[in-house]
Amino acid sequence: MAFMAVLESDLRALSAEARRRYPAVKDGAEHAILKLRALSGPSEIAHNEDILRIFLMACEAKNVKMSVIGLSSLQKLISHDAVAPSALREILITLKDHAEMTDESVQLKTLQTILIIFQSRLQPEDEENMAQALGISLRLLESNRSSDSVRNTAAATFRQAAALIFDHVVSAESLPMGKPSSGAYPSRSTSVTSDVNRNITLSESMELELVSGMPSLKRETLTKAGKIGLLLLEDLTSLAAGGSAIWLRVSSIQQTFVLDILEFILSNYASVFRILVPYEQVLRIQICSLLMTSLRTNSEPEGEAGEPYFRRLVLRSVAHIIRLYCPSLVTECEVFLSMLVKAISLDLPLWHRILVLEVLRGFCVEARTLRILFQIFDLQPKNSNIVENMVKALARIVASVQFQDTCEESLAAVAGMFSSKAKGIEWSLDNDVSNATVLVASEAHAVTLAMEGLLGVVFTVATLTDEAMDIGELESPRFDSDTSKSSTGETAILCLAMVDSVWLTILDALSLILTKSQGEAIILEILKGYQAFTQACGVLHAVEPLNSFLASLCKFTINIPFEPEKKSVPFTPGSKRSEILVDQRDNIVLTPKNVQALRTLFNVAHRLHNVLGPSWVLVLETLAALDRAINSPHAMTQEASMSAQKLPRESSGQYSDFNILSSLNSQLFESSALMNISAVKALLSALCQLSDKSKLVIQSNFGQISSQKIGNISFSTDRILSIIVNNLHRVEPIWDLVVSHFLELADSSFQYIRNIALEALDRSICSVLGSEQFQDIAASKQHVKIDVSLTDSGSLECAIISPLRVLYCSALNIDVRAGTLKILLHVIERHGDKLYYSWPAILEMLRSVADAPEKDIVSMGFQSLRVIMNDGLSTIPGDCLQVCIDVAAKYSAQKTELNISLTAIGLLWTTTDFVVKGFIYKPEGKDAEGPYAYTPKEMDDGKGNESSIRSTSGITEQTLLVNVIDRDKLMFSVFSLLQKLGTDERPEVRNSSVRTLFQILGSHGQKLSKSMWEDCLWNYVFPTLNRASHMAATSSKDEWQGKELGTRQGKAVHMLIHHSRNTAQKQWDETLVLVLGGIARLLRSFFPFLRSLRNFWSGWESLLHLVENSILSGSKEVALAAINCLQSTVVSHSSKGMLPMDYLKSVIDVYEIVLKKSPSYSGDSATKVEQEILHGLGEVYSQAQRMFDSGMYTQLLAILHMAVRQGKINNSTFEAEFGHIPPLQRTVLEVLPLLYPSDHLSSMWSPFLRELLQYLPRLPQSESNGSEQACIGNFKHDSKKSITAEIPNGSREISLNKTDTRLGPESDTSTVADISSYLFAEKLIPMLVDIYLLAPAAEKYNIFPEFVQGLGRCMTTRRDNPDAALWRVAVEGFNRILVDVSKTKIDGGTDSSKPARISMWKEVADIYDIFLVGYCGRALPSNSLSAAMLKADELLEMKVLDVLGDNILKSQIDAPPDILQRLISSLDRCASRTCSLPLETVELMPTHCSRFSLSCLQKLFSLTRYNEGTEDWNLTRCAVSKVSIAILMTRCEYILRKFLVDESDLGDCSLPAARLEELTYVLEELADLIIHQDTASILNLPPVLKDGIANGKHYSRLHLLVLFPTLCELISSRVSRVRELVQILHKHICMELSLEKLSTSD
């Protein structure tokens, strides 16, 4: 064991120290070591005295070192219980002797040993040993020879010994251990609230311990330990009083030391004094007497009694007695408290009063202590009002600060102390401060303590009130209860009595300091007190204290200028709230005190919202002022006031403060949802009271408005709305109160107040209707007729809506009526789907609005109707649909606002759309009528059979509800209304009604039955058409004057009216156009179905008759609409095969009649109508080609011819002069691509193309041939005969069924020639060529000669008009046709087709003979063509050459040899121009002429050349090559000979460049030319060469042998290039004859 080893070590050390001077000790130590080794533990050591004896022997030697070793070893033995109790006396004797030694270490070891004895089981149990042990410590404490460390150690040892003794007493007497404060005073490093909370917790724990361990009766007998403690207590009391301690045998000791120990015992061992009677008697008789004596201040205390520390100990001891023993020491405590309260007002040193204030402050912050004191004294009539007097004394201390000379400095010091405390640090002064500063600080300290005491009372009251609520004596203000019961509980009565006795004193003191203080911490602490006390008063229902504290608190919230000092603002109708509220220029600065006071006020209101009742008025006036400040740009917080000139409000520090305050303001009223209903009513009543009071003030000052009062009204209405929004779940009990107040405000004579009321009413109604209570109303509607007996939800709904009707009917101001309608509009827009029972009242209200004379009122009412009929028809009851239609009719007929009438008509379409869509059901067991299977057959008789309607998924219940109503009745009601409006004198209204009527029929016609359709056609559609047509024909044509706008120079100035609608007839024409358009839409959509109706053909005939009259007699717009009516019907249904032939023929007949007859109008309008007819014919034919036979097609061509002729007759010379074709002819060109014959009319290609060819320019009569006359005559007809159109296979007879639709005898050649024109032909030719290329091959061959003749005539116009474009487009068309011919595959064909092809090629050859030779490459006169145009013309000529040379002559064509000869000869004739001209003329020839001649020569070489392996050598190619070689050799021979002659004639002069270029080109081409064997066979060659060719010998340049003689002559030419080329040719000749292989030897 470690203990045994340590003891052995101590024995060895002791032996070593005593070996010289103390041999007996040395021997004893060694002997003890041997003994120790034989022992096993402390218990055996305790029974063996040898070990203890050797250490005592060492101490007796009184050697310092040996004493220290001995005492240390004794401590170890005692600590380990290795000493027998019987040895205690001997040990105490030894310790007493050592205490007398002067060595400090020995004295300290002695004190340590004594303390260890008290802490071990050796603690003395008899009075003698205990007295001796305690006496050792006291003697060392009082000895003059003791050092400070020894004295301090002795004091601590005695204090711990006393504590151990009393602990032993508690244990021996079986008392509870109650040490609530451990002898220490509560710290002031935190807030007063924390002190109250902590002290109440400590008091509760102490009380629980006392109660749990306290016997039922006090005890008078004491145990041995109890007696020792009592002796110690008596001696200590005697010493404290200045006497001697008999038991301890001490004559005197410091009183402060003794008082300190007594204070410790009193504070920590309360159970000893409460239970043990002897102790209580000592406390009552001795201790209390001692303290009373010490407290007396009659005479100046001397010695220790006058020192502050002594006074502090006395006061603390008194405080402990009052706190812990007041119930058993009532009289003594009353004396103590009276003395303490009196001491505050006595002229004592300031430090003395501060000490007293600290004690009183401690009582105030301890809720249990204050409660006991109040119960014992204030509640007992025979006792003094100790608590009340204490509070008044503290209040006097606080109030005294305002009378001091250093008031401001003291208040600043008080604020600093509270600030330090809030930060958790002790406030202190610097060491070098002046006496004046110390005095101010001391006075501030006293005030601080008094303030804390008062706040402690406040928080104690709040704490006790909370306790009363916790135990059920008081009801929490947050409980949802309408009545407040008066409590009879002990705690509640105590709290109420305490409030009644102290509230006025506390309020005066707190308000004083709050008014004069600016420190944040003290303000916060005081406001906490305000909040706590006010809440307690509210819980206790102490009305007067509650209102007083609220009024005082509100005074600190915001600085409101007095109303009389404010400048009133004149009332203007357009004033807005922001303008009214900020009319003041007074700067409102919210200090931190104001902000914190406001927060406190919010906290109080939140806490007491259920119990404030009438007190709400005080709160609301303050909150209204705050609301004005928040909305004022001149308001700011104190922190931001310095920077307000530099920073905007949003960027300053005040922004967050205002935001927080605004949020708190809103949250207060949002929390009304947690209030009971009576509290909500009280709050609403207070708001209404505030608003009414402000309204009365405003009315008393007529003509001027106070911003404060207006702000109060705005604030009240806003907060009422907030309460409504947050109490939607129980709005019914408060609704009447709210609405009645709004209606009163709406009746005000000031517009601004009326606007506030209307806005509030709007928001409140919308909020209620938007609540969850109304979410499921739509689903819970009973689909029955609305009855007077309403459900709860129905009565609430009517109660919500009814104020609007009441307000509208009773309001005298127009703005109120308009505002009411605006509210209704908002309700319908946002919550119309939730309404049900109130719809009849709403619709009746809107019906009455339609009769209002004010335009704005009617407009507002109509907006609501529009929302209902656009979006709300599915939600209103079915019984209200007819009412909706009637109301819409009312607005349609009103004359106040035109746009409203027009829009109301549109709403009728919306209604019918909704009604009709409710009947999309499939018939059950039967097929639906007509092509649209939408409507049950049972509805044909106009009555719906409810039993026949099958329930289907996807149909809403509201739709089924509509089904109960007679759908036809609703539809016919709308139709009748629209028909009536169709005759309205206002054109806009009737036009809109017409559009709507046909829009309804067009959109929902597929859902109507046959019977309904027949009624609609005969009763509404055709009568509307006839009425419009009649009015258009009979209305006045007099021009109207517009609305008079004013006067200028004495004459009236009228609004301009557009010329298209400045007469009644023009406006009726517009209506007729709309009717025709509507009928067209119906025919497009339902024509197949309408044909199945009875007598529809008669209606169709009447429509055709009206259309014909409209086209011939009506205006242009009417005519076009009439045409479109027929056209759209035919086009839309002919392509689908749903148009019978009779209807198609009837439409074409109408068109033909109209074109033949002259309309009643002329000019552009007539032309536009004819154009529209032509477009229509083209579209009809393109869509209905299969329905046309040859007769109808011939009729179509005749109409086309008539149109072209009409266009020529009506042509304007102005258009011709400026290069424009007549509009009608332009339309013909647009239509032509649509009119080519279809496949089943292939025989009509020739008549069609011949008809078009007639429109090309003709040759003069003297130049025309018989074939042209025959072509023209092919289309002649007689009215009683049939015509025969030429076709390749024979003829086909076409019968004529219309005598007035054919060209009469006047259609001769001259007439056709008149029709043609250059302008028309220019546009026609490209289109004609395109159409020709689409024709079948047989038809092409048949018409080709005539076609080419027509193009040729146009090409020859180049001579007379080279600047025109006609010849150019004709050339391009001619080239396209020939390219097509060259690509056509040649087959055997029939014998009958050969003459046609021969004729075709003859015409081609003629064209080339005429145009290529006569017009190409010529120097034609032109003064207007640019260089670009000349270049383009040259390229076009080259294109002609390319087509002839590359496409025709190189293709496999079936042209006869003579035609080929003619074509190649034409090329040769063009190629001979350069060489055939005289030399003097060649230089004058334009360059393009020489280039064209050279190009023709190039084509000859190209036709002759054979490219082996790359060319398809066919029979045609071979024939062309043979013809070309002969002509080419002749042309080359001529050119070469001509060169030789000219060179000889010129001598030294050079030839023209064109001639040299031509010669050079010929020589070069001859050198490169390779010909086919077949081509070479026709050359004039020697027989030997011909035999070689016949024998298959290959020759490629035999053509050079033909020119060999001439080439030989050219060797002597002066032109070097010619000589070089001739040499090359000779080489080729040698190679051809194989002469290059011969040598001289050969």
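Asker: Before we move on, could you go through the overall build of the protein and cite the residues and values that matter?
Answerer: What the protein contains, in helices and strands, is 71 helices and 8 strands. Within the protein, buried positions represent 55% of all 1642 residues. Residue pairs at least 24 apart in sequence account for 76% of intrachain contacts in the protein once pairs closer than 6 positions are excluded.

Asker: Describe in detail the packing of aromatic side chains, supporting the description with residues and values.
Answerer: The tally for this structure, following the rule as stated, stands at 35 aromatic pairs. Where Phe1501 meets Tyr1561, the ring centres are 5.9 Å apart and the plane angle is 90°; that geometry is what we call edge-to-face. A residue pair is termed long-range when its members are at least 10 positions apart, and Phe1501 in helix α64 (residues 1487-1504) and Tyr1561 in helix α66 (residues 1553-1568) qualify at 60 residues. Both residues of the pair, Phe1501 and Tyr1561, count as buried. An aromatic cluster of three or more residues is present, and its members are Phe166, Phe264, Tyr269, Phe273, Tyr279 and Tyr325.

Asker: Lay out the pattern of salt bridges in plain terms, naming residues and giving numbers.
Answerer: Going through the model one piece at a time under the given rule, you end up with 52 salt bridges. Its salt-bridge partner being Glu332, residue Arg284 comes within 3.7 Å of it at the nearest N-O pair. Note that Arg284 is positioned in helix α14 (residues 277-295) and Glu332 in helix α16 (residues 330-345), a separation of 48 residues in sequence. Of the residues examined, Glu332 reaches a relative accessible area of 12% and is grouped as buried. A salt bridge links Arg1537 to Glu1609, with the shortest nitrogen-to-oxygen separation between them at 2.8 Å. On the criterion of sequence distance, the pair formed by Arg1537 in helix α65 (residues 1515-1546) and Glu1609 in helix α70 (residues 1604-1609) is long-range, its members being 72 residues apart. Given a relative accessible area of 38%, Glu1609 falls into the partly exposed group.

Asker: Quick rundown of helix α27 (residues 616-630)? Include the residues and the values.
Answerer: Given a rise of 1.5 Å per residue, 15 residues ought to cover 21 Å, and the 21 Å separating the end C-alpha atoms of α27 matches this to within 8%. In terms of burial, α27 is a largely internal element, 13 of the 15 residues being buried.

Asker: Quick rundown of the nonpolar core? Include the residues and the values.
Answerer: Core analysis: the largest hydrophobic core is formed by 513 residues, its most contacted members being Ile321 and Tyr891. Ranked by the residues each element gives to this core, the list is headed by helix α21 (residues 435-470), at 16 residues. Other than its neighbours up to four places away in sequence, Ile321 contacts Leu266, Leu283, Ile287, Cys288, Leu291, Cys326, Leu329, Cys333 and Phe336.

Asker: I'd like a description of the packing of helix α59 (residues 1394-1415) against helix α60 (residues 1427-1448), backed by residues and values.
Answerer: Two elements in contact, α59 and α60, have axes whose closest approach is 11 Å; the angle formed by their N-to-C orientations is 145°. For the crossing formed where α59 meets α60, the hand is left-handed. Contacts between α59 and α60 involve Trp1401, Tyr1408, Phe1411, Leu1412 and Tyr1415 on the former and, on the latter, Glu1437, Val1440, Leu1441, Val1443, Leu1444 and Ile1448.

Asker: Just give me the short version of the environment of Leu1585, but keep the residues and values in it.
Answerer: Here Leu1585 shows up in helix α68 (residues 1583-1590). Residue Leu1585 is classed as buried on the basis of its relative accessible area, which comes to 8%. In this structure the C-alpha to C-alpha distance between Leu1585 and Tyr1595, which are 10 residues apart in sequence, comes to 8.9 Å. Not counting the four nearest positions on each side in its chain, Leu1585 is found in contact with Tyr1595, Leu1598, Leu1601 and Leu1633.

Asker: Requested: an account of α60, with residues and values cited.
Answerer: For α60, built from 22 residues, the straight-helix expectation of 32 Å at 1.5 Å per residue is met to within 8% by its first-to-last C-alpha distance of 30 Å. Of all the bends in α60, the greatest measures close to 25° and is centred on Asp1442. Burial in α60 covers these residues: Asp1433, Glu1434, Leu1436, Glu1437, Met1438, Val1440, Leu1441, Val1443, Leu1444, Gly1445 and Ile1448. For α60, the elements touching its buried residues are α58 (1366-1383), α59, α61 (1457-1471) and α64.

Asker: Mind laying out unusual backbone geometry, listing which residues take part and the relevant values?
Answerer: Its identity is not glycine, yet Asp81 carries a phi of approximately 55°, on the positive side. Note that Asp81 resides in the loop between α5 (64-79) and α6 (88-99). Given the relative accessible area of 34%, Asp81 is considered partly exposed. Even without a glycine there, the phi angle at Arg249 is positive, about 60°. One can find Arg249 in the loop between α11 (224-240) and α12 (255-268).

Asker: Any details on the side chain of Asp378? Residues and values, ideally.
Answerer: Inspection of the secondary structure assignment puts Asp378 in helix α18 (residues 367-378). As a buried residue without a salt bridge, Asp378 has its nearest oppositely charged side chain in Lys392, at a separation of 8.9 Å. Here the side chain of Asp378 touches Glu388 through a polar contact of 3.1 Å, landing on its backbone nitrogen. Residue contacts for Asp378: discarding those within four places in its chain leaves Leu373, Ser384, Asn385, Ile386, Val387 and Glu388.

Asker: Could you give an account of the packing of α6 against helix α7 (residues 104-119), naming the residues involved and the relevant values?
Answerer: Packing of α6 against α7 brings their axes to within 9 Å, and their N-to-C directions diverge by 150°. The angle between the axes of α6 and α7 places the two elements in the roughly antiparallel class. Crossing handedness for the pair α6 and α7: left-handed. Of the residues in α7, those touching α6 at Leu88, Ile91, Leu92, Leu95, His98 and Ala99 are Val106, Gln107, Thr110, Thr113, Ile114 and Ile117. Within the contact of α6 with α7, the residues separate by chemical class into 8 nonpolar, 4 polar and no charged.

Asker: Give a detailed account of the environment of Ser976, specifying residues and quantitative values.
Answerer: Its location among the elements puts Ser976 in helix α42 (residues 967-981). Sequence separation between Ser976 and Cys1016 is 40 residues; the distance between their C-alpha atoms is 9.8 Å.

Asker: Outline the state of the cysteines, supporting the account with residue identities and numerical values.
Answerer: As enumerated under the stated definition, the model contains 0 disulfides in all. Cysteine Cys880 shares no disulfide, and the gap to the nearest cysteine sulfur, in Cys884, comes to 6.5 Å.

Asker: Can you tell me about the confidence of the model for the protein, naming the residues and giving the values?
Answerer: Looking at the protein, pLDDT values average 78 and 80% of them are 70 or higher. A low-confidence stretch, residues 204-215 stays under pLDDT 50, and its non-local contacts, those more than four residues away or across chains, total 16 contacts. Per-residue pLDDT stays below 50 along residues 1261-1316; that stretch engages in 93 contacts with residues further than four places along the chain or on separate chains.

Asker: An account of the environment of Val401 is needed here, citing residue identities and associated values.
Answerer: Mapped onto the elements of the fold, Val401 is located in the loop between α19 (386-399) and α20 (407-422). Counting along the chain gives 10 residues from Val401 to Leu411, while the straight-line C-alpha distance between them is 7.7 Å. Apart from the residues within four sequence positions on either side, Val401 is in contact with Cys407, Ser410, Leu411, Val447 and Ile513.

Asker: Summarise the side chain of Arg1597; cite the residues concerned and give the values.
Answerer: Structurally, Arg1597 can be placed in the loop between α68 and α69 (1599-1602). Nearest to the buried, unbridged Arg1597 among oppositely charged side chains is Glu1632, at 5.2 Å. Not counting residues within four places of it along the chain, the set of residues in contact with Arg1597 comprises Ala1567, Leu1569, Ile1570, His1628 and Glu1632.

Procedures and definitions
Residues numbered from 1 in each chain as written. Predicted model: local features only at pLDDT ≥ 70, side-chain atom pairs only at ≥ 80, totals over all residues. Heavy atoms only, no water. Helix = DSSP H or I, 4+ residues; strand = E, 2+ residues; numbered from the N terminus. Buried < 20%, exposed > 50% of the residue type's maximum accessible area, 1.4 Å probe, protein only. Contact = heavy atoms within 4.5 Å. Phe/Tyr/Trp six-rings, centres within 6.5 Å; stacked < 30°, edge-to-face > 60°. Salt bridge = Lys/Arg side-chain N within 4 Å of Asp/Glu carboxyl O. Expected span 1.5 Å × (residues − 1). Core = buried A, V, L, I, M, F, W, Y, C linked by side-chain atoms within 4.5 Å. Axes fitted to C-alpha atoms, helices over the stretch in contact; angles between N-to-C directions. Left-handed = near helix turned anticlockwise from the far one by under 90°. Bend = angle between axes of the 7 residues up to and from the residue. Lys, Arg positive; Asp, Glu negative; His and termini not counted. Polar contact = N/O pair within 3.5 Å; in protein donor to acceptor, adjacent residues only side chain to side chain. Parallel < 35°, antiparallel > 145°, perpendicular 65-115°, else oblique. Nonpolar A, V, L, I, M, F, W, Y, C, P; charged D, E, K, R; others polar. Disulfide = S-S within 2.5 Å. pLDDT = per-residue confidence, 0-100.

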